[in-house]
Amino acid sequence: MAAPRPYPNALIWLLLSAVIIGLDQWSKAWVLSSLPEFQPVVVIDGFWNWYRTYNTGAAFSFLSDAGGWQKHFFTVLAIAISGLMAWWLRATARGNWKAAVPYALIIGGAIGNVIDRQVHGHVVDFIQWYVGEHVWPSFNIADSAIVVGAIGIALFGLFDGKSAKKADNANPKP
């Protein structure tokens, strides 16, 4: 027998996903209309550039030279993960923001990058951090949302798991 779904559930947090998608697509439209390709525009000298580039792969250009099939693979993967996260939101209480916010961030970021893959055939990246000769791969708002969401899942899951374990140890069952 399945556990009952909480009411109200956390699907309202999909509005945060929509905000992430909107910000991501707005920023990429600005980048495509305003920034030169492959030329750094200094924001903070020695640390941060706007740097318009494209990624046909996944994080850190993983599979970027795979011949084209990766566009479909990463699209299907992002939609499947987003669907799973939405399912989890449906089973999460609305007030449980520690679970809901990370899911919503990942959904928004994943769908933002799916839109790029479908519209442009690649993901538009434009934020570049560096120190000296050490350059971090360029990224975008969608990527940032995915990373923050994943860190949130890991941190809140770790700390909530420890608190639940402490509570169980403090109140042993007979």
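Residues numbered from 1 in each chain as written. Predicted model: local features only at pLDDT ≥ 70, side-chain atom pairs only at ≥ 80, totals over all residues. Heavy atoms only, no water.

**Q** Explain the packing of aromatic side chains here, please?
**A** Two descriptors summarise a pair of aromatic rings, namely the distance from one centre to the other and the angle between the planes of the rings. For the coordinates displayed, the defined rule picks out nine aromatic pairs. Taken together, a centroid distance of 5.6 Å and an interplanar angle of 75° make the contact between W30 and W50 edge-to-face. With W30 in helix 1 (residues 14-34) and W50 in strand 2 (residues 48-55), the pair connects residues that are 20 residues apart, well separated along the chain. Judged by relative accessible area, W30 falls into the partly exposed class, the value being 32%. Taking relative accessible area as the criterion, W50 reaches 21% and is therefore assigned partly exposed. With a centroid separation of 5.7 Å and an interplanar angle of 45°, the aromatic rings of W50 and F126 are classed as tilted. One end of the pair, W50, is in strand 2; the other, F126, is in strand 3 (residues 123-131), with 76 residues separating them in the sequence. Given the relative accessible area of 2%, F126 is considered buried. Linked through ring pairs, W30, W48, W50 and F126 together constitute an aromatic cluster. (Phe/Tyr/Trp six-rings, centres within 6.5 Å; stacked < 30°, edge-to-face > 60°. Helix = DSSP H or I, 4+ residues; strand = E, 2+ residues; numbered from the N terminus. Buried < 20%, exposed > 50% of the residue type's maximum accessible area, 1.4 Å probe, protein only.)

**Q** Just to check I follow, could you spell out the pattern of salt bridges for this structure?
**A** Think of it this way: side chains of opposite charge can pair up when their charged atoms draw near. Per the stated rule, a full pass over the model turns up three salt bridges. Among the ionic pairs, K28 bridges to D24, the shortest N-O distance being 2.8 Å. Here D24 and K28 lie together in helix 1, a separation of four residues that amounts to about one turn. Residue D24 is classed as buried on the basis of its relative accessible area of 0%. Among the salt bridges present, the one from E37 reaches R52, with a minimum N-O distance of 3.8 Å. Note that E37 is positioned in the loop between helix 1 and strand 1 (41-44) and R52 in strand 2, a separation of 15 residues in sequence. With relative accessibility at 38%, the residue E37 sits in the partly exposed group. For R52, a relative accessible area of 12% translates into the label buried. (Salt bridge = Lys/Arg side-chain N within 4 Å of Asp/Glu carboxyl O.)

**Q** Any chance you could explain the sheet that holds strand 3 here in plain terms?
**A** To summarise the sheet geometry, strands pair through backbone hydrogen bonds and adopt either a parallel or an antiparallel arrangement. Taken together, the four strands give an open sheet; going across it, the order is 1-2-3-4, and neighbouring strands pair in antiparallel fashion. Edge positions in the sheet fall to strand 1 and strand 4 (134-135), since each has one partner strand and no second. With three bridges connecting them, strand 1 and strand 2 associate as antiparallel partners. Bridging from a neighbouring strand, I44 pairs with W48 of strand 2. Across the face of the sheet, helix 1 comes into contact with strand 2 and strand 3 while running at roughly 80° to strand 3. Packing of helix 3 (residues 97-120) onto the sheet brings it into contact with strand 2 and strand 3, and relative to strand 3 it is tilted by some 120°. (Pairing = 2+ DSSP bridges. Contact = heavy atoms within 4.5 Å. Axes fitted to C-alpha atoms, helices over the stretch in contact; angles between N-to-C directions.)

**Q** Mind showing me how you'd approach helix 1 here?
**A** Counting along an α-helix, one turn takes 3.6 residues, and residues three or four places apart therefore face a common direction. Taking 1.5 Å as the rise per residue, helix 1 with 21 residues should run 30 Å; its terminal C-alpha atoms sit 30 Å apart, in good agreement. S17, I20, I21, D24, S27, K28 and V31 are the residues of helix 1 that are buried. Angularly, the buried residues of helix 1 cover 140° about the axis, an arc narrow enough to put them on a single face. For helix 1, the exposed residues set more than 90 degrees away from the buried face come down to L15, W26 and S33. (Expected span 1.5 Å × (residues − 1). Arc of directions from axis to C-beta.)

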